[in-house]
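# Coordinate analysis (summary)
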Amino acid sequence: MGFIHGACDYTDAQLIGLLGNTLAMASQVPLGGPTAGYLPGHVSRWQGLRGSGREGTQVAQQELAIQLLRDRQHNIEAVVSVYSSHFSNLNAKLTHVQSAISNISDTTFTNRKGIGGLRGCAKGRRVNAKCFLGVKAFETFDEGARLCGEGGGRLASPRGALEMEALAAYTKSFFGPGNWPAWIGVTDRLNEGAYVYQDGTRSALSDHWFRDPQLGQPNGGRQENCVALSTDDGKWWDKDCMRRMYYICEYDY
Ligand SMILES: [Ca+2]
């Protein structure tokens, strides 16, 4: 935007220099006023000062230069005010855009959950308000969890005997024939011996571990902190989380 006053024909540096020059020249300026070209555009103001009878004095010169700086300052403040307003508007629009992106993200996650639930329940096995879906791809525990999450679900988290029985029956039919280990969403990574689901809640199941005089589970200590099912009998084994094996997702129904 342009400036209104003639004072703004000068830059700040020029005006400050002008004030210095004015003071320096004050003793040399004749009583007749500034010479032609000196303070261009402000001769009329100078002439107004002449009427006060102070022309040619140091005070008049200083007042004129100071007034020019004040005019300039006023215009700078006006410009700053306009830009502040623009920034305020931009900030409001940015907040609006961020809100829209957040809504889209929420909607996308909701859609993913919906699609995952439909797919999981169409191809997998429903029990209570969830559906289990086995995946025949070899992944680490964390990668399996991530892939289940991409579909809006999580690694299978059987809560209670009914869900555990349904999961065992489903995995036997889905992964069979044969016996495979498959990740479910239970670990004791944070606290050895304390088995929790991915949301941090404790597993209340207690009679699901594989029992054997030599190979009784869990037996891996701090080397094995993730739980896999054996797909022929649904028994739990603690395994090294970095091993790659089949995994089972669950989706909300
Ligand atoms: Ca462990």
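Figured I'd write up the structure that's included with this text. Since we're looking at a predicted model, the values are computed, not measured. Residue indices begin from 1 for each chain and proceed along its sequence in written order. For a predicted model such as this one, the threshold for reporting local features is a pLDDT of at least 70, and the threshold for listing and counting side-chain atom pairs is 80 or more; totals across whole chains, interfaces and linings nevertheless cover every residue.

## Let's talk about the pairing of strand β6 (residues 226-230)
Regular strands place their side chains on alternate faces of the sheet. Convention followed: Buried, partly exposed and exposed are defined by the number of other C-beta atoms within 10 Å of a residue's own C-beta, namely 20 or more, between the two limits, and 12 or fewer respectively, with C-beta atoms placed from the backbone. Numbered from the N terminus, helices here are DSSP runs of H or I no shorter than four residues, and strands are runs of E no shorter than two. Pairing between strands requires that DSSP locate at least two bridges from one strand to the other.
Of all five residues making up β6, four are buried, and the element is well covered by its neighbours. Counted along the chain from β6 to the antiparallel partner strand β7 (residues 236-239), the turn is five residues long, and its residue G234 has a positive phi close to 75°.

## Quick notes on the environment of L167
Heads up, the rule is: It is the C-beta atoms, placed from the backbone, that decide contacts: two residues are in contact if theirs lie within 7 Å.
With respect to the secondary-structure elements, L167 resides in helix α5 (residues 161-175). For the pair L167 and R126, spaced 41 residues apart in sequence, the C-alpha to C-alpha distance is 9.3 Å. Residues contacting L167, with those up to four places away along its chain left out, are F132, A156, P158 and G234.

## Considerations on the nonpolar core
How we decide: For this entry, the nonpolar core is defined as buried Ala, Val, Leu, Ile, Met, Phe, Trp, Tyr and Cys residues connected by C-beta atoms within 7 Å.
L155, A182, W183, I184, I248 and C249 are the most contacted members of the largest nonpolar core, which totals 28 residues. Contributions of two or more residues to this core are made by β2 (130-139), α4 (141-150), α5, β4 (181-187), β6 and β8 (245-252). Contact partners of C249, with chain neighbours within four places excluded, come to G120, L133, V135, C148, G151, G153, R154, L155 and A156.

## Quick notes on the environment of N128
Turning to its location among the elements, N128 is positioned in the loop between β1 (125-127) and β2. When the 11 C-beta atoms within 10 Å are taken as the criterion, N128 is described as exposed. Through-space distance from the C-alpha of N128 to that of L162 is 8.8 Å; in sequence the pair is 34 residues apart.

## Section: helix α3 (residues 58-123)
For an α-helix, the turn length of 3.6 residues means that residues three or four places apart are oriented alike. Using the following cut-off: For a helix, the expected span equals 1.5 Å multiplied by the number of residues minus one.
Taking 1.5 Å as the rise per residue, α3 with 66 residues should run 98 Å; its terminal C-alpha atoms sit 95 Å apart, in good agreement. Among the residues of α3, those classed as buried are A60, Q61, L64, A65, L68, R72, G116, G117 and G120.

## Things to note about the environment of A137
Topologically, A137 is positioned in strand β2. Note: C-alpha distance between A137 and R244 (107 residues apart in sequence) is 8.5 Å.

## Details of α4
Quick reminder of the rule: The directions considered for the arc are those from the helix axis to the C-beta atoms.
All of the buried residues along α4 are F141, G144, A145 and C148. Along the long axis of α4, the arc covered by the buried residues comes to 100°, so they all point the same way. Exposed positions of α4 whose direction lies more than 90 degrees from the buried face are R146 and E150. Residues of α4 that are buried in the fold lie against β2, β3 (154-155), β4, β6 and β8.

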